[in-house]
Amino acid sequence: ALAAKHGHRALIELLIRAGTSHAGELLGSAAASGQTDALLALLKAGGGLLDLDVLGGALLTAATHGHRAAVSVLVNAGASVFKQDAAGLSPLMLASANGHVDAVRALIKASAPVNAPGGPGGNTALSLAARNGRAAVVAELLRNGANAEWRGSGDSPVDLLELAHEPTVKAQIVAERQRRALERELLSVRERGEEAT
């Protein structure tokens, strides 16, 4: 695992050629430290040792730590943006919660669904970013169609504004709600005008 964490490509290749049964562990270590050279070496040499579950686990790790390049390498290798951790959180949710806007962009580019619910309370990437005061991530998610009207699920659904404690984040959500309400009103006026003619 130290070889992967520190990007020792030659040692990684040697371990894989020797038939290590720790390919997933090596991949996770390389993802956690953002060692793209080590990831590439593992992916190239790993062959059948790296299944989709292992790739997905590494993607969760890279997203959590905000390693955009590692996220891209893993997605290109076949890791699923739909993979969830034990709590039901996706890579996009983890990157969003931790404020990693570059990883968020890479995951959105890879078609990660911005409004997919997961984890306790049916959280979304936006709700987790808002709760943690990640203004740059909130802005990126809203630009990419995140639902500013989100309400949690369960016995006591929580409104997105109740989660957001950071004034900038609250303002972003309010502005987006107002923008979308105006769009709906304009569409309604247009439809009424077309019906009248």
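Residues numbered from 1 in each chain as written. Predicted model: local features only at pLDDT ≥ 70, side-chain atom pairs only at ≥ 80, totals over all residues. Heavy atoms only, no water.

1. Points about the packing of helix α10 (residues 135-143) against helix α12 (residues 167-196)
Then comes step 1: With their axes 9 Å apart at the nearest point, α10 and α12 run at an angle of 15° to one another. Taken together, the axis directions place α10 and α12 in an arrangement best described as roughly parallel. Where α10 crosses over α12, the two elements pack in a sense that is right-handed. Contacts from Ala-135, Val-138, Ala-139 and Leu-142 in α10 reach Thr-168, Val-169, Gln-172, Glu-176 and Arg-180 in α12. (Axes fitted to C-alpha atoms, helices over the stretch in contact; angles between N-to-C directions. Helix = DSSP H or I, 4+ residues; strand = E, 2+ residues; numbered from the N terminus. Parallel < 35°, antiparallel > 145°, perpendicular 65-115°, else oblique. Left-handed = near helix turned anticlockwise from the far one by under 90°. Contact = heavy atoms within 4.5 Å.)

2. Side note on the confidence of the model for the protein chain
Then comes step 1: Across the protein chain, the average pLDDT comes to 87, with 86% of residues at 70 or higher.
Then comes step 2: Every residue in residues 1-7 scores below 50 in pLDDT, and together they form 22 contacts with partners more than four places removed in sequence or on other chains. (pLDDT = per-residue confidence, 0-100.)

3. So, the environment of Ala-164
Then comes step 1: Inspection of the secondary structure puts Ala-164 in the loop between α11 (160-163) and α12.
Then comes step 2: Overall, Ala-164 belongs to the buried group, its relative accessible area being 0%.
Then comes step 3: Spatially, the C-alpha atoms of Ala-164 and Ser-127 are 8.2 Å apart, while their sequence positions differ by 37 residues. (Buried < 20%, exposed > 50% of the residue type's maximum accessible area, 1.4 Å probe, protein only.)

4. Observations regarding the pattern of salt bridges
Two side chains that carry opposite charge are able to pair once their charged atoms sit near each other.
Then comes step 1: Across all of its chains, the model carries eleven salt bridges by this definition.
Then comes step 2: When the shortest N-O distance is used, the salt bridge between Arg-180 and Glu-176 registers 2.5 Å. Of the two residues, Arg-180 and Glu-176 both sit in helix α12, four residues apart, roughly one turn of that helix.
Then comes step 3: Judged by relative accessible area, which is 16%, Arg-180 ranks as buried.
Then comes step 4: Salt bridges sharing common partners tie together Asp-102, Arg-105, Glu-140 and Arg-143. (Salt bridge = Lys/Arg side-chain N within 4 Å of Asp/Glu carboxyl O.)

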